Amino acid sequence: MAATWKLEFPYRRSVGPVIGAFLTALRDRRVVGVRAPDGRVLVPPFEYDPETGEALTEIVDVASDGVVERAAWVTEPLRTHPLDRPFAWALVKLDGADTSLLHAFDCGSPERAQSGARVRIRWAPETEGHIKDIACFEPAEG
Amino acid sequence: MADPVQFMSHFTTVEYRVPDPSPLNVYFAEQLAKGRIVGHKCPQCGKVYMPPRGYCPLCVVETTAKDEVEVADRGTVTTFSVITPLQYQGQEETDDYVQATILLDGSDTTIMVAHLDGVAIADVHSGLRVKAVWAPESERSGATGSLARQMGLGSAVTSWEATGEPDTPRDHLAEHIV
């Protein structure tokens, strides 16, 4: 027997113009990145170029599907994980992006959590402008 | 078109599992309700642990009811802090107050976070002799579990006041600061 104590700190963060644009697009079930001076499209977007520190402002649309770059299988999901069954954490490079986005990949078995797997976004039933608007990634044909 | 997203909410959550109070914690609380502060005296080294732990961590021996001793409801301030409360939401204190660590006579462990409401802040010092101000018997619910270890006497003692006795010499406190 044990009592449970829960300590919660509610935060409300100002997201700024670039992350704000990313979250606003998610609310509309779209994904955007930002273009760096070297032409690369960074998804999720940065406010500043990681290479030069230059401010970045050019918001670019990318696709809602892409390819798994790396994946790590989660055998026992934690209470705070986005899925309540075993899943993979995956770095997904969306079509049109040059960097990858970390999110859950609901693929059923570790054998399917392979580099190179085609995936697409499964959107949350309700979107609100939060990374959780992406419920997870799921396998995509082709 | 809805307004652009400017804010993001998220929770940082820490979840603890707090064990039920041990039978010894419950017994200590019951005795407090009767106005008794009890400890266990280690049969090997003679140190008195209040609240009783059921063992001596230094000698690694068990202590039981036969090792029970009663500790006085008066003692000495070993160390203290003056708290100046900031008025954040939920803060109930408005004026400066003192939280002290008190070494009770007959104990080798201290009570922490004792409110010294009965003593003027300027008069509080290490070595000051104080005695417990007990709550009415019906209002003495002793703290149990981890709270008993940290806070000592729960609601059984509401405050502490100066006894007027001469200060306890510092060398007597040396091994009993916290």
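Refer to the structure printed above.
Note that the structure is a prediction, hence the values are computed from the model and not measured.

*Asks:* Describe the overall build of chain B, naming the residues involved and giving the relevant values.
*Replies:* When helices and strands are counted, chain B shows three helices and eleven strands. The helix and strand sequence of chain B, counted from the amino end, reads β-α-β-β-β-β-β-β-β-β-β-α-β-α.

*Asks:* Describe helix 1 (residues 16–27) of chain A, listing the residues and the values that go with them.
*Replies:* With twelve residues, helix 1 of chain A ought to run about 16 Å at 1.5 Å a step, and its terminal C-alpha atoms sit 16 Å apart, in line with that. Inspection of helix 1 of chain A places A:Val18, A:Ile19, A:Phe22, A:Leu23, A:Thr24, A:Ala25 and A:Leu26 among the buried residues, and these make up the whole buried set. On the buried face of helix 1 of chain A, the contacting elements are strand 2 (31–35) and strand 9 (134–139) of chain A together with strand 1 (7–19) of chain B. A:Arg29 sits one or two positions beyond helix 1 of chain A and adopts a positive phi of about 60 degrees.

*Asks:* Which residues make up the interface of chain B and chain A, and what values do they have?
*Replies:* How big an interface is tends to be expressed through the accessible area that disappears when the partners come together. Contacts between the two partners involve 17 residues from chain B, matched on the other side by 21 residues from chain A. Here the residues of the side of chain B that touches chain A are counted per class, giving nine nonpolar, five polar and three charged.

*Asks:* Tell me about the pairing of strand 6 (residues 87–94) of chain A, and please be specific about residues and values.
*Replies:* Residues and elements named next belong to chain A. As defined by bridge partners, strand 5 (residues 65–74) adjoins strand 6 across eight bridges and the pair is classed as antiparallel. Across the sheet, the residue bridging to Val-74 is Phe-87, located in strand 6. Bridge count between strand 6 and strand 7 (residues 101–105): five bridges; the pairing is antiparallel. Residue pairing across strands places Ala-88 opposite Phe-105, the latter belonging to strand 7. In textbook terms, the turn of a hairpin is the stretch between consecutive antiparallel strands, and for strand 6 and strand 7 this stretch comprises six residues, one of which, Gly-96, has a positive phi near 100 degrees.

*Asks:* Tell me about helix 1 (residues 23–33) of chain B, residues and numbers included.
*Replies:* For helix 1 of chain B, every residue scored as buried is listed here: B:Leu24, B:Asn25, B:Phe28, B:Ala29 and B:Leu32. Down the axis, helix 1 of chain B shows its buried residues gathered within 140 degrees of arc, on one side only.

*Asks:* So, the nonpolar core: which residues are in play, and what are the values?
*Replies:* General note: in soluble globular proteins, nonpolar side chains tend to be found buried as a group. A:Val43, A:Ala90, A:Phe105 and A:Phe137 are the most contacted members of the largest nonpolar core, which totals 35 residues. Of all elements in the fold, only helix 1, strand 2, strand 3 (41–42), strand 5, strand 6, strand 7, strand 8 (118–123) and strand 9 of chain A reach the threshold of two or more residues within this core. Counting residues per element, this core draws most heavily on helix 1 of chain A, which supplies six residues. Not counting the four nearest positions on each side in its chain, A:Ala90 is found in contact with A:Val68, A:Ala71, A:His103, A:Phe105, A:Ala113 and A:Phe137. Core analysis: the next-biggest nonpolar cluster, separate from the first, contains 28 residues, B:Leu24, B:Phe28, B:Cys42 and B:Ala114 among them.

*Asks:* Requested: an account of the sheet that holds strand 2 (residues 37–41) of chain B, with residues and values cited.
*Replies:* Strand order in the open sheet formed by three strands is 3-2-6 (chain B), with antiparallel pairing between adjacent strands. Both outer strands of the open sheet, strand 3 (48–49) and strand 6 (68–71) of chain B, are each paired with one neighbouring strand and no more.

*Asks:* Please give an account of unusual backbone geometry that cites residues and values.
*Replies:* Between A:Val43 and A:Pro44 the backbone carries a cis peptide bond, its omega angle lying at 0 degrees. Among the structural elements, A:Pro44 can be located in the loop between strand 3 and strand 4 (59–62). In this model, B:Met50 is joined to B:Pro51 through a cis peptide bond whose omega is -5 degrees. Looking at the secondary structure, you find B:Pro51 in the loop between strand 3 and strand 4 (55–56). Positive phi values are uncommon outside glycine, yet A:Arg29 reaches one of about 60 degrees. Counting through the fold element by element, A:Arg29 comes out in the loop between helix 1 and strand 2. Of note, B:Val60 is a non-glycine position whose phi angle comes to about 55 degrees, a positive value.

*Asks:* A description of the sheet that holds strand 7 (residues 74–83) of chain B should follow, citing residues and the corresponding values.
*Replies:* Residues and elements named next belong to chain B. Reading across from one edge, 9-8-7-10-11 is the order of the five strands in this open sheet, with antiparallel pairing throughout. The open sheet has two edge strands, strand 9 (110–115) and strand 11 (157–162), and neither has a second partner. Recorded for the sheet is a direction-independent mean angle of 45 degrees between the axes of neighbouring strands. Relative to strand 11, strand 10 (residues 129–134) runs antiparallel, the two being bridged by five bridges. Within strand 11, the residue paired with Lys-131 across the bridge is Glu-161.

Reading the values: rules and limits
Residues numbered from 1 in each chain as written. Chains lettered and ligands numbered in written order. Predicted model: local features only at pLDDT ≥ 70, side-chain atom pairs only at ≥ 80, totals over all residues. Helix = DSSP H or I, 4+ residues; strand = E, 2+ residues; numbered from the N terminus. Expected span 1.5 Å × (residues − 1). Buried ≥ 20, exposed ≤ 12 C-beta atoms within 10 Å, placed from the backbone. Contact = placed C-beta atoms within 7 Å. Nonpolar A, V, L, I, M, F, W, Y, C, P; charged D, E, K, R; others polar. Pairing = 2+ DSSP bridges. Arc of directions from axis to C-beta. Core = buried A, V, L, I, M, F, W, Y, C linked by C-beta atoms within 7 Å. Axes fitted to C-alpha atoms, helices over the stretch in contact; angles between N-to-C directions.

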